[in-house]
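# Coordinate inspection notes
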Amino acid sequence: FFEYNFTNLNSPLKFYIEANGVRSKDYEINAIATPVITNLKMILKYPEYTGKKNEVIQNTGNAIIPAGTTVFWHIETNKTNVINFKSINEVNSFTQNSKDLFSYSKQINESINYKIATSNKQLENHESLDFTIQVISDEFPKIMVKSDIDSISHGPVQFIGQLSDDYNVKKLQMVYYDKNTPKQLKSHLIDVSKSTFTDFYYVFPDEIPIAEGIEYELYFEVFDNDKVQGSKKTKSKIFSYYNKTEKELKEDLLKEQAENI
């Protein structure tokens, strides 16, 4: 019994066996070209509203990105005819730009596990690589408001607050309404800095015309600049403000004078 091993075969090989002057027929080993990835590059094009600069990642298909990021895959190969992008919900083919260069792009809005698989005419899905893209969702904006409204018996009241968001505050508005008709909302836009963190100061009613003898309720709403899923808002707690009549103000003044005397 005799044994011989062929190693590192990269091309077809013909051979025969000879012993004691006896020669076998010719045999052939057909070496099939294997479709492999030689270089993998991902270009991450972040949503413009995030303010993040586009990024290039080499030699991996894993990434952590904001929702709405468009990912471009550029893959260099050898002996490859087809590359497929596979996830739970889809199977799509890469575009072949040249003999050994393939590309594919996709906007990612939620986390995915996916495969990149190479094939040629002899071998299907020979090299199948697993990757994960984790998506960080845009958070709701945050608002904190304080006021001297509880210590004011009449006249304007002051509000101070802090606003924050992961990708910049878009706008702030004050919403007010007659407590007896809560569905008839009115709003007033307050100028604030469009940044990730900002303070604001506001005096109610400022230049807003309000009626006497009406109990108002009011709150503040901050909006973020999410252009992928739409601007999200967060509401402050509700404040109550009673706009006294001229008669009630005079009665309060006489009461204060009497107490002082």
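What you see is a predicted model; the values in this text were computed from it and never measured.

## Quick notes on the overall build of the chain
When its secondary structure is counted, the chain shows 1 helix and 22 strands. Computed over the C-alpha atoms, the radius of gyration of the chain is 35 Å, more than 25% above the 18 Å expected from 2.2 N^0.38 for a compact globule of 261 residues. By the burial criterion, 33% of the 261 residues in the chain qualify as buried. For the chain, long-range pairs separated by at least 24 residues make up 59% of all intrachain contacts whose partners lie at least 6 apart in sequence. Of the roughly 17100 Å² of accessible surface on the chain, a fraction of 48% belongs to carbon and sulfur atoms. Each charge class in the chain can be summarised by its mean position, and for the 30 positive and 36 negative side chains these summaries are 7 Å apart.

## Comments concerning unusual backbone geometry
For the peptide bond that leads from Phe204 to Pro205, omega is 10 degrees, which places it in the cis range. On the secondary structure map, Pro205 appears in the loop between strand 19 (197-204) and strand 20 (214-224). Of note, the phi angle at Asp206 is positive, near 55 degrees, even though the residue is not glycine.

## Remarks on a nonpolar patch on the surface
Together, Tyr4, Phe6 and Leu9 give the surface a local cluster of nonpolar side chains, amounting to about 320 Å² of exposed area. Residue position: Tyr4 is located in the segment before strand 1 (13-15).

## Here's the deal with the nonpolar core
Residues Ile65, Trp73, Phe94, Tyr114 and Ile116 are the most contacted members of the largest nonpolar core, which totals 24 residues. Those elements giving two or more residues to this core turn out to be strand 5 (36-45), strand 7 (63-66), strand 8 (69-78), strand 9 (82-86), strand 12 (101-108), strand 13 (112-119) and strand 14 (127-136). With 4 residues, strand 5 is the largest single contributor of residues to this core.

## Here's the deal with the sheet that holds strand 15 (residues 142-147)
What the 3 strands build is an open sheet, ordered 15-16-19; its pairing is antiparallel. Strand pairing shows two members of the sheet lacking a second neighbour, strand 15 and strand 19, which therefore form its edges. Here the strands of the sheet are splayed against their neighbours by 20 degrees on average, with no regard to which way each runs. Relative to strand 16 (residues 157-164), strand 15 runs antiparallel, the two being bridged by 6 bridges. Its bridge partner lying in strand 16, Lys142 is registered against Ser164.

## Focus on the sheet that holds strand 6 (residues 55-58)
The strand order 6-5-8-12-11 describes an open sheet built from 5 strands, whose pairing is antiparallel. Every interior strand has two partners, whereas the edge strands, strand 6 and strand 11 (95-98), have only one. The sheet shows a mean angle of 25 degrees between the axes of neighbouring strands, taken without regard to direction. Of the pairings in the sheet, the one linking strand 11 to strand 12 comprises 3 bridges and is antiparallel in character. Paired with Gln96 across the bridge in strand 12 is Phe102.

## Topic: the side chain of Glu217
Note that Glu217 resides in strand 20. Sequence-distant contacts of Glu217, defined by excluding residues within four places in its chain, comprise Val175, Tyr176, Tyr177, Lys179, Ile238, Phe239 and Ser240.

Definitions and cut-offs
Residues numbered from 1 in each chain as written. Predicted model: local features only at pLDDT ≥ 70, side-chain atom pairs only at ≥ 80, totals over all residues. Heavy atoms only, no water. Helix = DSSP H or I, 4+ residues; strand = E, 2+ residues; numbered from the N terminus. Rg over C-alpha atoms; globule rule 2.2 N^0.38 Å. Buried < 20%, exposed > 50% of the residue type's maximum accessible area, 1.4 Å probe, protein only. Contact = heavy atoms within 4.5 Å. Areas by Shrake-Rupley, 256 points an atom, 1.4 Å probe, with all protein chains shown as cover. Lys, Arg positive; Asp, Glu negative; His and termini not counted. Charge placed at Lys NZ, Arg CZ, Asp CG, Glu CD. Patch = residues over 30% accessible without salt bridge, like charges linked within 9 Å, V, L, I, M, F, W, Y side chains within 5 Å. Salt bridge = Lys/Arg side-chain N within 4 Å of Asp/Glu carboxyl O. Core = buried A, V, L, I, M, F, W, Y, C linked by side-chain atoms within 4.5 Å. Pairing = 2+ DSSP bridges. Axes fitted to C-alpha atoms, helices over the stretch in contact; angles between N-to-C directions.

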